[in-house]
Amino acid sequence: MKTNKYEIDMCNGTIMDKLISFSLPLMLSSILQLMFNAVDIIVVGRFSSSRALAAVGATTALINIFTNLFIGISLGANVLAARYFAAGRDREMSEAVHTAITLALISGVVMAFVGAGMSGTALDLMDTPGDVIGLSAVYMRIYFMGMPFFMLYNYGAAVLRAVGDTKRPLLFLIAAGLANVVLDLLLVIVIPLGVAGVAIGTVASQMISCILVLRCLYRSEGSYQLRFSKLMFRWVYLKRIFQVGIPAGIQSTVINFSNALLQSSVNSFGSTAMAGYTAANNILGFLYVSVNAVTQACMSFTSQNYSVGKQKRMDRVLLDCILLSTGVAAVLGIGAYVFGSQILRIYTAETDVIRCGLEILSITTVPYFLCGIMDLIPGALRGMGHSAVPMVLSVIGTVGTRIVWIYMFFPRNRSLHFLFISYPGSWIITIAMQAVCFWFVRRRICREAPL
């Protein structure tokens, strides 16, 4: 099955070393992708103003709401491609890849127009303060013009992950990340464009990563080679991608909607708290993408082993992923808690902003390993083709808990620390429900295809 040095044989041999080999480049890739936004935040925070910092931060939850449905659908492309690749079904693999890339292109164009057109209205609905809403709208409109590049990169990288290749996407993002840093500094310090400058820099860097990943697929040999003349929708594959991807996308979108509600609660404290939340949330983003890399590994490994009927190996994959995710989250979470003040000073020098950021980090960083476990179980279930029920449970556990907290308990105890207790609380509740779901699904699969 393995035909080049970038691919990983997920169905044979030891597991933990291959999980690390898969996860580490993906983790670094995700961190670099997050750095696109982090560089924006750092540059405007250090070289512009706290108002500009708050303006960029106010867009994060909204951008995630708009984009995460389609990014979630890319998980369906990953699962489908992994199955066909493991089973050696080259024709189906090629047709699934071309369908996925076509979907990425069309959805990216749609997102560009919808996101840019609705930016001002969406920010107004979130009660974004008047002193930052204009700058936030400028940032969002420019950012969404890069959606075709963003979507094509993510779907192309999903195809490469399906065969175990996480190294080349890392190299592509290193090139794009360096370009983003240079452009942000140029367009904020040398050419003082403010939030418009950092948005332009991010779009340009996304274009670079998009071109590199498409070039990689075009030059690849074998079943996942891309030919632009073959781009088209094949509804049989689109349906299978949607079966896994749409529930994952809806789950991510709805969870980010709850984060948007939380952003509205933060907005009620004013622009200083918004700036502190922006910086703290960016730090939490680094924790999330680190544990999410293990979740992506779990899904790809589970999908390939499921396609060849290796059920005991699937169970071992999940257990090893829990150990790996917990270890990564513990190290990074404790580090962010201990050195929170120093890390926040990278984003801003304003004491009040740092104080607000520390208030948020104090309750969310150390228990972050719970978030990793919460995402791993649905990841394993999606690898087995079960996506709808985990989506419902995640929405109930995460979104339901946060909505109840925001509207019933928070008004009586108005502080950032108390508001963000809803994070670990929702993680614990969701883990309990997902574990029960996994037990029932795994038991049914055992009955249908006993070892």
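Residues numbered from 1 in each chain as written. Predicted model: local features only at pLDDT ≥ 70, side-chain atom pairs only at ≥ 80, totals over all residues. Heavy atoms only, no water.

**Points about the overall build of the protein**
Helix and strand counts for the protein stand at 17 helices and zero strands. Taking 2.2 N^0.38 as the reference for a compact globule, 451 residues should give roughly 22 Å; the C-alpha atoms of the protein span a radius of gyration of 21 Å, in line with that estimate. For the protein, the spread of C-alpha atoms along the three principal axes comes to 60 × 45 × 35 Å. Accessible area for the protein stands at about 17300 Å²; split by element, carbon and sulfur atoms hold 68% of it. Each charge class in the protein can be summarised by its mean position, and for the 33 positive and 20 negative side chains these summaries are 7 Å apart. (Helix = DSSP H or I, 4+ residues; strand = E, 2+ residues; numbered from the N terminus. Rg over C-alpha atoms; globule rule 2.2 N^0.38 Å. Areas by Shrake-Rupley, 256 points an atom, 1.4 Å probe, with all protein chains shown as cover. Lys, Arg positive; Asp, Glu negative; His and termini not counted. Charge placed at Lys NZ, Arg CZ, Asp CG, Glu CD.)

**Some details on the nonpolar core**
Note on soluble globular proteins: their nonpolar side chains tend to be buried together. Counting residues in hydrophobic clusters, the biggest one holds 104 residues, and the most contacted among them are Met-93, Tyr-139, Tyr-155, Tyr-224, Leu-262, Val-266 and Phe-420. Other than its neighbours up to four places away in sequence, Met-93 contacts Ala-81, Tyr-84, Phe-85, Val-163, Ser-223 and Tyr-224. Counting residues in hydrophobic clusters, the runner-up holds 28 residues, among them Phe-22, Ala-293, Cys-321 and Leu-324. (Core = buried A, V, L, I, M, F, W, Y, C linked by side-chain atoms within 4.5 Å. Buried < 20%, exposed > 50% of the residue type's maximum accessible area, 1.4 Å probe, protein only. Contact = heavy atoms within 4.5 Å.)

**A few points about the pattern of salt bridges**
Here the structure, examined in full by the defined rule, presents seven salt bridges. Residues Glu-95 and Arg-234 are paired through a salt bridge, measuring 3.8 Å at the closest nitrogen-oxygen approach. Highlighted residues: Glu-95 in helix H4 (residues 90-125) and Arg-234 in the loop between helix H8 (195-219) and helix H9 (235-267), separated in sequence by 139 residues. For Glu-95, a relative accessible area of 16% puts it in the buried group. (Salt bridge = Lys/Arg side-chain N within 4 Å of Asp/Glu carboxyl O.)

**Some points on the packing of H4 against H9**
Between H4 and H9, whose axes approach to 9 Å, the crossing angle comes to 70°. Judged by the inter-axis angle, H4 sits roughly perpendicular to H9. Judged by residue contacts, Arg-91, Glu-92, Glu-95, Ala-96, Thr-99, Ala-100 and Leu-103 of H4 engage Tyr-237, Leu-238, Ile-241 and Phe-242 from H9. Class assignment of the residues belonging to the contact of H4 with H9 gives a composition of seven nonpolar, one polar and three charged. (Axes fitted to C-alpha atoms, helices over the stretch in contact; angles between N-to-C directions. Parallel < 35°, antiparallel > 145°, perpendicular 65-115°, else oblique. Nonpolar A, V, L, I, M, F, W, Y, C, P; charged D, E, K, R; others polar.)

**Digging into the packing of helix H10 (residues 271-307) against helix H13 (residues 351-364)**
Their axes nearest at 7 Å, the elements H10 and H13 cross at an angle of 45°. On the basis of the axis angle, H10 is oblique to H13. In this structure, the crossing between H10 and H13 has a hand that is right-handed. Side by side, H10 and H13 meet where Thr-272, Ala-273, Ala-275, Gly-276, Tyr-277, Ala-280, Ile-283 and Leu-284 of the first sit next to Asp-352, Val-353, Cys-356, Gly-357, Ile-360, Leu-361 and Thr-364 of the second. By residue class, the composition of the contact of H10 with H13 is 10 nonpolar, four polar and one charged. (Left-handed = near helix turned anticlockwise from the far one by under 90°.)

**Brief notes about the environment of Phe-242**
Looking at where Phe-242 falls in the secondary structure, it is placed in helix H9. The spacing of Phe-242 and Gly-76 is 166 residues in sequence and 6.3 Å in space, taken between C-alpha atoms. Dropping the residues within four chain positions of it, Phe-242 is found in contact with Ile-73, Leu-103 and Pro-247.

**Brief notes about the side chain of Ser-303**
Inspection of the secondary structure puts Ser-303 in helix H10. What makes Ser-303 buried here is its relative accessible area of 0%. Only 3.0 Å separates the side chain of Ser-303 from the backbone oxygen of Val-79, close enough to count as a polar contact. In this view, Ser-303 contacts Val-79, Ala-82, Arg-83 and Gly-383; residues no more than four positions away in its chain are not counted. (Polar contact = N/O pair within 3.5 Å; in protein donor to acceptor, adjacent residues only side chain to side chain.)

**Structural notes on the packing of aromatic side chains**
Two measures describe an aromatic ring pair: the distance that separates the ring centres and the angle between the ring planes. One pass over the full model with this rule turns up 15 aromatic pairs. Ring plane angle 80° and centroid distance 6.3 Å describe the contact between Tyr-143 and Phe-144, whose orientation is recorded as edge-to-face. For the pair formed by Tyr-143 and Phe-144, the shared burial category is buried. The interplanar angle of 55° and the centroid separation of 5.9 Å between the aromatic rings of Tyr-423 and Trp-427 together place this pair among those described as tilted. Residue Tyr-423 and its partner Trp-427 are both found in helix H17 (residues 422-448); the two are separated by four residues, about one turn of the helix. An aromatic cluster of at least three residues, connected via ring pairs, comprises Tyr-277, Tyr-368, Phe-420, Tyr-423 and Trp-427. Between the NZ or CZ atom of Arg-402 and the centre of the ring of Tyr-423, over which it lies, the distance is 4.3 Å. (Phe/Tyr/Trp six-rings, centres within 6.5 Å; stacked < 30°, edge-to-face > 60°. Lys NZ or Arg CZ within 6 Å of the ring centre and 35° of its normal.)

**Focus on the state of the cysteines**
Applying the stated criterion across every chain, the model contains zero disulfides. Of all cysteine sulfurs, the one in Cys-321 lies closest to Cys-298, which takes part in no disulfide; the gap is 4.2 Å. On the accessibility criterion, Cys-298 (0% relative accessible area) is buried. With a relative accessible area of 0%, Cys-321 lands in the buried category. (Disulfide = S-S within 2.5 Å.)

**What about the environment of Ser-307?**
Position of Ser-307 relative to the elements: it lies in helix H10. Between the C-alpha atom of Ser-307 and that of Ile-429, which follows or precedes it by 122 residues, the distance is 31 Å. When residues no more than four places from it in sequence are discounted, the contact partners of Ser-307 are Arg-83, Ala-86 and Ala-87. A polar contact of 2.7 Å, which involves the side chain of Ser-307, links it to the backbone oxygen of Gln-304.

**Things to note about the confidence of the model for the protein**
Detailed reading of the predicted coordinates is not advisable wherever pLDDT falls low. Mean pLDDT over the protein works out to 84, with 94% of the residues at or above the 70 mark. Mean pLDDT across the elements of the protein ranges from a minimum in helix H2 (residues 50-57), with 70, to a maximum in helix H11 (residues 311-338), with 93. (pLDDT = per-residue confidence, 0-100.)

**Observations regarding the side chain of Asn-154**
Looking at where Asn-154 falls in the secondary structure, it is placed in helix H6 (residues 147-162). Judged by its relative accessible area of 12%, Asn-154 is buried. Within the structure, the side chain of Asn-154 is placed 2.7 Å from the backbone oxygen of Phe-150, a separation counted as a polar contact.

**A few points about a nonpolar patch on the surface**
A surface patch of nonpolar side chains, about 610 Å² in accessible area, is lined by Val-181, Leu-185, Leu-186, Ile-189, Val-190, Ile-191, Leu-193 and Ile-200. For Ile-191, the position within the fold is in the loop between helix H7 (167-190) and H8. Judged by relative accessible area, which is 38%, Ile-191 ranks as partly exposed. (Patch = residues over 30% accessible without salt bridge, like charges linked within 9 Å, V, L, I, M, F, W, Y side chains within 5 Å.)

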